[in-house]
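Working through the structure, step by step
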Amino acid sequence: MRREIRITGFGGQGVILSGVIVGKAASIYDEKNATMSQSYGPEARGSACSTQILVDDKEILYPYIRESDVLVAMSQEGYTKFLGELKADGVLIYDEDLVNPGEIKKGIKAYPIKAQRIAETDLGRKIVTNIVILGFMTAVTKAVPKEAMVEAIKTSVPKGTIELNLKAFERGYDAFREGAGEQVEEGSGARSGAE
Amino acid sequence: MKADPVGVRTGTFYLDGDRAAAEGAIAAGCRFFAGYPITPSTECAEHISERFPEVGGIFIQMEDEIASITAIIGAAWGGARSMTVTSGPGVSLMMENIGLAAMLETPCVVANVQRGGPSTGLPTMVGQADVMQARWGSHGDYEIIAYSPQSPQEAFDFTVKAFNMAEKYRTPVMVLLDECVGHMVEKVVIPPADAIEVEPRRLTDAAKGEYLPYAYGDDLVPDMAEAGMGYRFHVTGLTHDERGYPEMSVRCQDWLVPRLVAKIRQSADDIVEFDEENADGADVVVVSYGISARVSRMAIDLAREEGIEVGFFRLRTIWPFPEKRIAELAKKIKAFVVVEINLGQIFYEVERCARGQCETLLSPHAGGGVHDPEDILKVIEKGAKAK
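Residues numbered from 1 in each chain as written. Chains lettered and ligands numbered in written order. Predicted model: local features only at pLDDT ≥ 70, side-chain atom pairs only at ≥ 80, totals over all residues. Heavy atoms only, no water.

**Considerations on the overall build of chain A**
Secondary structure summary: chain A contains six helices and six strands in total. Of the regular secondary structure in chain A, the N- to C-terminal order runs β-α-β-β-β-α-β-β-α-α-α-α. Burial status across chain A gives 56% buried among its 195 residues. Taking as baseline every contact in chain A between residues at least 6 positions apart, the subset at least 24 positions apart corresponds to 59%. When the accessible surface of chain A is summed, it comes to about 8,500 Å², and 49% of that surface belongs to carbon and sulfur atoms. (Helix = DSSP H or I, 4+ residues; strand = E, 2+ residues; numbered from the N terminus. Buried < 20%, exposed > 50% of the residue type's maximum accessible area, 1.4 Å probe, protein only. Contact = heavy atoms within 4.5 Å. Areas by Shrake-Rupley, 256 points an atom, 1.4 Å probe, with all protein chains shown as cover.)

In structure tokens, the structure reads:
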């Protein structure tokens, strides 16, 4: 099954690295096919920035998102720009300190998280916000197995930061599990994912 | 011979097409690179600049593209396997000296990560409109070899092949990536060095004082001497005799230039590569290359769901063109559908080879994106109704 994932934020949040980690996890450590590409152009510097990852058991023929299954938003601008391509029953993951989603359409499964706050206060490093949110996304979507994500993080982040990044990933992953008892109703709109 | 293990970074990587092409070059023995950064090819040059210190290569960022191509020609005569990479206006600037490389019979590789044109066009967006330029963009008669990868893995594989063909036929070889393949990131497997064949340079073993730089045998490819081997020889872009000295006459032109063309044409069967799927027995055969080949296959699946008998023909090499096979297929099918991100280039090649035996239809795209598979489907449907 083909899954189309968009991760968006602003330059400097590690959006592109997040895309590389997901793609690498799927293609190298989970033996699927994964094509990743990034927004490329003047907008990549400082403002809206995005990456798309296509994951499939079969060969990937069309190289871009047609309708995303998952949107991960770490900035308001990115959220506004890419919400339109999210499937009617797609999964929306957003940092609630950074994105005000407004009224979320019925059918969309929304999972808010305070990833930046977790990174800053629990882990002491705002820079791992992207990895916290990747952990959360892994738990929510199961698009890529956790073990594959962990391997991809180990081989993608700078040496000396592996431990911190793995902690950030686990923290994000657990953030969903902690709220996992809650029932997600189809079409129920926003739910509280995690603190 | 086998690749030098020093340059082969064996393993499984998650790489974009530009960087995969850089790894292919280094694996094939490239140790001299001269270039001028231009989107969307810069990642290739950047990656080579990072890797060359590990393998003892020389990387020079030149003042422009004209200097870049000229430097790699000089480096080849100095004994290096050499390469440059560029795009858009950069390729146009290189054209004069791509002709020089062809005239001097200099093995070298030029990668062009195609973007939207003409002129500065769409620097960050995809195009496939440089395929005819790759063939005859420089003035005068010559033939060239050009590869068209459809994935980062093929960017690696085909760049290795490009270096091998450059040595075997002593010619500049182009790797025609497109922005989509250049920037997409996918799994790339780099095999061990002993699984990578590398074509040795055709060096002369003539006695000192008896070397003729443009004497040739049945394969029409002369043996080379490199600077520093101890031979006295001369090369020039002027029409030259077998000693390499200028001789501007009809006789000498007729001795030299037809051979430059023939050495590639007579070996087309050795060089040409294509993938074919269900082309025999099909009503419509889709012809495509690069990223468009992948998108085409989506349209083929849609057409088959409608019951149309569709075959697929993908160009792995674009030049020389697979004339014979296209001509054979033309006798058996109703129509070719050519899918490319331009307004008709390979389309005319297919039409020429079909010689009116079947319809040839174009699914064009002006550039900046890939085809919508539904648009290709419409042209396939039209082709199925031909005759």
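What follows picks up the thread again.
**Considerations on the pattern of salt bridges**
Residue and element names in this part refer to chain B. All chains considered together, the criterion is met by 49 salt bridges over all chains. Close ionic contact of Asp241 with Arg243 constitutes a salt bridge, the shortest N to O distance being 2.8 Å. Residue class for Arg243 comes out partly exposed when judged on its relative accessible area of 45%. One salt bridge connects Arg304 with Glu277, and the closest N-O pair in it is separated by 3.1 Å. With Arg304 in helix 10 (residues 290-305) and Glu277 in strand 10 (residues 274-277), this residue pair connects regions lying 27 residues apart in the sequence. Judged by its relative accessible area of 32%, Glu277 is partly exposed. Sharing partners across several salt bridges, the network here consists of Arg135, Glu143, Arg265, Glu323, Glu349 and Arg352. (Salt bridge = Lys/Arg side-chain N within 4 Å of Asp/Glu carboxyl O.)

**Looking at the domain arrangement of chain B**
A common way to report how large an interface is uses the accessible area buried once the components associate. All names here are of chain B. By the assigned domains, chain B splits into domain 1 (5-195) and domain 2 (275-384). The C-alpha centroid of domain 2 is placed 27 Å from the C-alpha centroid of domain 1. Opposite the 28 residues of domain 1 that make contact, domain 2 presents 24 residues. Both sides of the domain 1 and domain 2 interface together cover about 2,100 Å² of buried area, and 54% of this is carbon and sulfur. Taken together, domain 1 and domain 2 are joined by four salt bridges. Note that Arg135 and Glu349 form a salt bridge whose closest N and O atoms lie 3.3 Å from each other. Run the count over domain 1 and domain 2 and you get 18 residue pairs in polar contact (both at pLDDT 80 or more). Those elements that place two or more of their residues in the side of domain 1 that touches domain 2 are strand 6 (122-126), helix 5 (131-136), strand 7 (145-147), helix 6 (152-169), strand 8 (172-178) and helix 7 (179-183). (Domains from an automatic or database assignment. Buried area = accessible area lost by both parts, 1.4 Å probe. Polar contact = N/O pair within 3.5 Å; in protein donor to acceptor, adjacent residues only side chain to side chain.)

**A short note on the packing of aromatic side chains**
Tallied over the full model, the rule gives 13 aromatic pairs over all chains. Relative to A:Tyr64, the ring of A:Tyr62 lies with its centre 6.4 Å away and its plane at 80 degrees, an arrangement referred to as edge-to-face. Considering the side-chain rings of B:Phe33 and B:Phe59, the 5.3 Å spacing of their centres and the 5 degrees angle between planes classify their relative orientation as stacked. With B:Phe33 in strand 2 (residues 30-35) and B:Phe59 in strand 3 (residues 58-61), the pair connects residues that are 26 residues apart, well separated along the chain. Residue B:Phe59 is classed as partly exposed on the basis of its relative accessible area of 29%. The rings of B:Trp77, B:Tyr211, B:Tyr231 and B:Phe233 are connected pair by pair, giving a single aromatic cluster. (Phe/Tyr/Trp six-rings, centres within 6.5 Å; stacked < 30°, edge-to-face > 60°.)

**With respect to the state of the cysteines**
A complete count under the given rule lists zero disulfides over all chains for this structure. Not part of a disulfide, B:Cys353 finds its nearest cysteine sulfur in B:Cys358, a span of 11 Å. (Disulfide = S-S within 2.5 Å.)

**Comments concerning the side chain of A:Ser18**
All names here are of chain A. By secondary structure assignment, the location of Ser18 is in helix 1 (residues 15-29). For Ser18, the side chain forms a polar contact with the side chain of Asn130, separated by 3.4 Å. When residues no more than four places from it in sequence are discounted, the contact partners of Ser18 are Ile7, Asn130 and Leu134.

**What to know about the interface of chain A and chain B**
At the interface, 18 residues of chain A touch 24 residues of chain B. Carbon and sulfur atoms make up 58% of the area that chain A and chain B hide from each other, which totals about 1,800 Å². In this assembly, chain A and chain B are joined by three salt bridges. A salt bridge links B:Arg297 to A:Glu59, with the nearest nitrogen and oxygen atoms 2.8 Å apart. At the level of elements, helix 1 and strand 2 (33-38) of chain A are the ones that each hand at least two residues to the side of chain A that touches chain B. Of the residues forming the side of chain A that touches chain B, the biggest block, five residues, is contributed by helix 1 of chain A. Here the residues of the side of chain A that touches chain B are counted per class, giving ten nonpolar, four polar and four charged. (Nonpolar A, V, L, I, M, F, W, Y, C, P; charged D, E, K, R; others polar.)

**Points about the environment of B:Glu105**
Residue and element names in this part refer to chain B. For Glu105, the position within the fold is in the loop between helix 4 (89-104) and strand 5 (108-116). Given the relative accessible area of 0%, Glu105 is considered buried. The spatial distance from the C-alpha of Glu105 to the C-alpha of Thr236 is 10 Å, given a sequence separation of 131 residues. Setting aside its immediate chain neighbours within four residues, Glu105 contacts Trp77, Arg170, Tyr214, Pro222, Leu256, Arg259, Leu260 and Lys263. Side chain to side chain, Glu105 and Arg259 meet in a polar contact 2.6 Å long.

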